[in-house]
Amino acid sequence: EIVATLDSHTSDICRGMDGKHFPMSEWKVGVTAPPFHVHCRSTTVPYFDDEFDAVGERAARDEETGKTYFVPGNMTYKEWEKSFVNGGDKSGLQEALPDDTIKTEEKKTVDDCETVEQVQDLMKDQQWFRVAEINGHVYDTNERIGLKGLDLGCAKSIYKTHEQLFDKFPQLKGKLNAVGSTQLGGMTYAQCSFGHGGVTVNTKYFSDMEKLAKSYEKDLQAGFHPKGTDFSAIVMHELGHAIDDYLSYTEMVCGLLNNYRPKIVSADLRPKVMKSCGLKVSDIRNEVSGYATKDAQEWFAECFAEYMVSDEPRTVAAKFGEMLEELLKGVK
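Predicted model only: the values in this text are computed from it and were never measured.

## Some remarks on the layout of surface pockets
The space that makes up the largest pocket amounts to roughly 400 Å³. Lining the largest pocket we find 24 residues, and of these Thr 188, Ala 190, His 237, Glu 238 and Tyr 291 sit closest to its centre. Mapped by element, the contributors of at least two residues to the lining of the largest pocket are strand 10 (190-193), helix 5 (209-221), helix 6 (233-249) and helix 9 (296-309). A per-element tally of the lining of the largest pocket places helix 6 first, with five residues.

Written as structure tokens, this is what we have:
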């Protein structure tokens, strides 16, 4: 470790070790370290072999004119005296105007991204997804985020959907697996794999945002998906599956049934929500969506999508969201 000794006196007689640096092994009071003399106000500071003083600017005010100038951070006292006291030579100095602001590097947002790769890297930086140690090996699913083959607009939408999820439910950070992309078969927009929920989007649709939006709108008009949603509900729907999976098989919030197999949360929640709304399971098509009639899991995902995406969630989605939030309060 190296330290520098700085004496606060200005007299050459009392400067002592002013500005000199030495290793800690050579520390000796009165020789290399203060105090050097009576009423000594010297001090020691860490020494860095870097030209910090040559970086940046400071502000200096001219008392005669009242103007402020930017001066180099390494300007010495004699240089300052020459510019602002003796003769006032300020050539080469920039005057600070009233509307000048200190420029700092702004944090990059997803809207600033110009490529899918940038969206992907920004998403990795958030550390939203699961990291687990298995048999001595660390598996970081954040590093497995894959948006290759997607339209830039679709990639940004996927980012914002996850951002919305983790902003609303920060307790889910680190609990779910990362999102990926590949070509899926059939008419599938996306899918979620049970086991900490890993969402995969279909490049067949997500490679063209305009095409995807039109396709979803067509399904929406047919009553296949919840009212008040748009194509961003596709990924939100899959995240609903991921949450259902996590609460069911990791948190086991419904207890252990059937030879220690946990009951799926969606199956437990569906009758409670519908009854609370004064409705029956047969009302799901009109009150949620056509796709929600398939089973309890799709009902859960469709309710979640409407609850998160719609500006005005209907009765069932609103009650669903209320009950889900109660369940998620127990997640740490």
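## Quick look at the pattern of salt bridges
All told, the structure shown has seven salt bridges when counted by the stated rule. As a salt-bridge pair, Lys 214 and Glu 210 come within 3.4 Å of each other at their nearest N and O atoms. With Lys 214 and Glu 210 both in helix 5 and four residues apart, this pair spans about one turn of that helix. Using a relative accessible area of 56% as the deciding quantity, one classes Lys 214 as exposed. The exposed category is assigned to Glu 210, whose relative accessible area is 54%. A salt bridge links Arg 314 to Glu 306; the nearest nitrogen and oxygen atoms lie 2.9 Å apart.

## What to know about the state of the cysteines
Tallying each qualifying case throughout the model produces zero disulfides. Here Cys 277 stays free of any disulfide, with the sulfur of Cys 303 as its closest cysteine sulfur at 8.7 Å.

## Looking at the confidence of the model for the protein
Across the protein, the average pLDDT comes to 84, with 79% of residues at or above 70. For residues 8-17, every residue scores under 50 in pLDDT, and the model assigns this stretch 17 contacts once sequence neighbours within four places are set aside.

## Examining helix 2 (residues 116-126)
When we look at burial in helix 2, the residues that qualify are Val 116, Val 119, Gln 120, Leu 122, Met 123 and Lys 124. One or two steps after helix 2, the chain reaches Gln 127, where phi turns positive at roughly 55°.

## Some details on the side chain of Asp 268
Within the fold, Asp 268 resides in helix 7 (residues 265-276). Within the structure, Asp 268 has its side chain in polar contact with the side chain of Lys 272 (distance 3.0 Å). If we ignore the near neighbours within four places in the chain, the residues touching Asp 268 are Cys 254 and Lys 263.

## Here we look at helix 10 (residues 315-328)
Here helix 10 spans 20 Å end to end across 14 residues, near enough to the 20 Å set by a 1.5 Å rise per residue. Where helix 10 is concerned, the buried positions are Val 316, Ala 317, Lys 319, Phe 320, Gly 321, Leu 324 and Leu 328. Those residues of helix 10 that are buried lie in contact with helix 6, helix 7, helix 8 (284-287) and helix 9.

Criteria and cut-off values
Residues numbered from 1 in each chain as written. Predicted model: local features only at pLDDT ≥ 70, side-chain atom pairs only at ≥ 80, totals over all residues. Heavy atoms only, no water. 1 Å grid on protein atoms, 1.4 Å probe; cavity = no way out; pocket = protein on both sides within 12 Å on 5 of 7 lines; lining within 4 Å. Points joined across faces, edges and corners; volume = space filled by probe spheres on them. Helix = DSSP H or I, 4+ residues; strand = E, 2+ residues; numbered from the N terminus. Salt bridge = Lys/Arg side-chain N within 4 Å of Asp/Glu carboxyl O. Buried < 20%, exposed > 50% of the residue type's maximum accessible area, 1.4 Å probe, protein only. Disulfide = S-S within 2.5 Å. pLDDT = per-residue confidence, 0-100. Contact = heavy atoms within 4.5 Å. Polar contact = N/O pair within 3.5 Å; in protein donor to acceptor, adjacent residues only side chain to side chain. Expected span 1.5 Å × (residues − 1).

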